[in-house]
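# Architecture at a glance
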Amino acid sequence: MSRPTSSAALPIARVVLRILIVLNWLSGAAIATLLVAMPTRQWIMSALDLSPSPEADLLIMGLRAIAVVGLVAIPLNYVVLRRLLAIVETVRAGDPFVAANASRLRAIAWALLALQLLSLVIGAIAKAVSTPAHPLHLQAGFSISGWLAVLLTFLLARVFAEGTLMREDLEGTV
């Protein structure tokens, strides 16, 4: 049966996840505000110390495209964070091996996959608009650890699903 567990990590995880959820939405609001306000071309060129050129215009368009892709990442991050918070709650209640957690882990895996694909898109945009005169260096593109996290999360979802079935079978025989 279920028994509540006591661990210092659980309350910390709950607080950190709640803070990250708020920060995620705030960063989304900041990106949206930046896109809506759309600073003038001259302001951007001045802020980035760019000289007027077709390459500079391409760079500005690329940065705006990256911001739009960043907005797409906000709800994906929310999916991950909310489901992690729900999993922490089941661990706190002493009953983590439930079908809902397998489903949550599967949703997290799909969101992580989408985030990895968005990172590839951002990396491609950065590469397309970067020039020797105006290089754009971002931490985006292919990440072996990101793709391993996707695979691990899908695997963990399957482990949780199997563990849940085994537990239900065991409870049925007692």
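All figures in this text were calculated on a predicted structure; none of them were measured in a lab.

## Observations regarding the side chain of Asn-24
As for its placement among the helices and strands, Asn-24 is situated in helix 1 (residues 9–37). Polar contacts involving the side chain of Asn-24 include one to the side chain of Asn-77, which spans 3.4 Å. In contact with Asn-24, not counting residues within four places along its chain, are Ile-74, Asn-77, Tyr-78 and Leu-81.

## Structural notes on the nonpolar core
Among the nonpolar cores identified, the biggest contains 26 residues, and Ile-66, Leu-105, Leu-118 and Leu-136 are the most heavily contacted of them. Elements supplying a minimum of two residues to this core: helix 2 (41–47), helix 3 (54–92), helix 4 (99–129) and helix 5 (144–173). Not counting the four nearest positions on each side in its chain, Leu-118 is found in contact with Val-69, Val-72, Ala-73 and Leu-76. Judged by nonpolar contacts, the second largest core, of 6 residues, contains Leu-10, Leu-17, Ile-21 and Val-88.

## Brief notes about the packing of aromatic side chains
Taken as a whole and judged by the stated rule, the model has 3 aromatic pairs. With centroids separated by 5.1 Å and ring planes inclined at 50°, the aromatic side chains of Trp-25 and Tyr-78 adopt a geometry described as tilted. With a gap of 53 residues between them, Trp-25 in helix 1 and Tyr-78 in helix 3 connect regions that are remote in the sequence. Looking at Trp-25, the relative accessible area reads 41%, which means it is partly exposed. For Tyr-78, a relative accessible area of 29% puts it in the partly exposed group.

## A look at the pattern of salt bridges
Scanning the entire structure with this criterion turns up 3 salt bridges. For Glu-89, the salt bridge identified is with Arg-14, shortest N-O distance 2.6 Å. Remark: Arg-14 occurs in helix 1 and Glu-89 occurs in helix 3; sequence separation between them is 75 residues. Note on Arg-14: relative accessible area 23%, which makes it partly exposed. In this structure, Glu-162 engages Arg-158 in a salt bridge whose closest nitrogen and oxygen atoms are separated by 2.5 Å. With Glu-162 and Arg-158 both in helix 5 and 4 residues apart, the pair spans about one turn of that helix. Note on Glu-162: relative accessible area 32%, which makes it partly exposed. Counted as one network, the salt bridges with shared partners bring together Arg-14, Glu-89 and Arg-92.

Conventions and cut-offs
- Residues numbered from 1 in each chain as written.
- Predicted model: local features only at pLDDT ≥ 70, side-chain atom pairs only at ≥ 80, totals over all residues.
- Heavy atoms only, no water.
- Helix = DSSP H or I, 4+ residues; strand = E, 2+ residues; numbered from the N terminus.
- Polar contact = N/O pair within 3.5 Å; in protein donor to acceptor, adjacent residues only side chain to side chain.
- Contact = heavy atoms within 4.5 Å.
- Core = buried A, V, L, I, M, F, W, Y, C linked by side-chain atoms within 4.5 Å.
- Buried < 20%, exposed > 50% of the residue type's maximum accessible area, 1.4 Å probe, protein only.
- Phe/Tyr/Trp six-rings, centres within 6.5 Å; stacked < 30°, edge-to-face > 60°.
- Salt bridge = Lys/Arg side-chain N within 4 Å of Asp/Glu carboxyl O.

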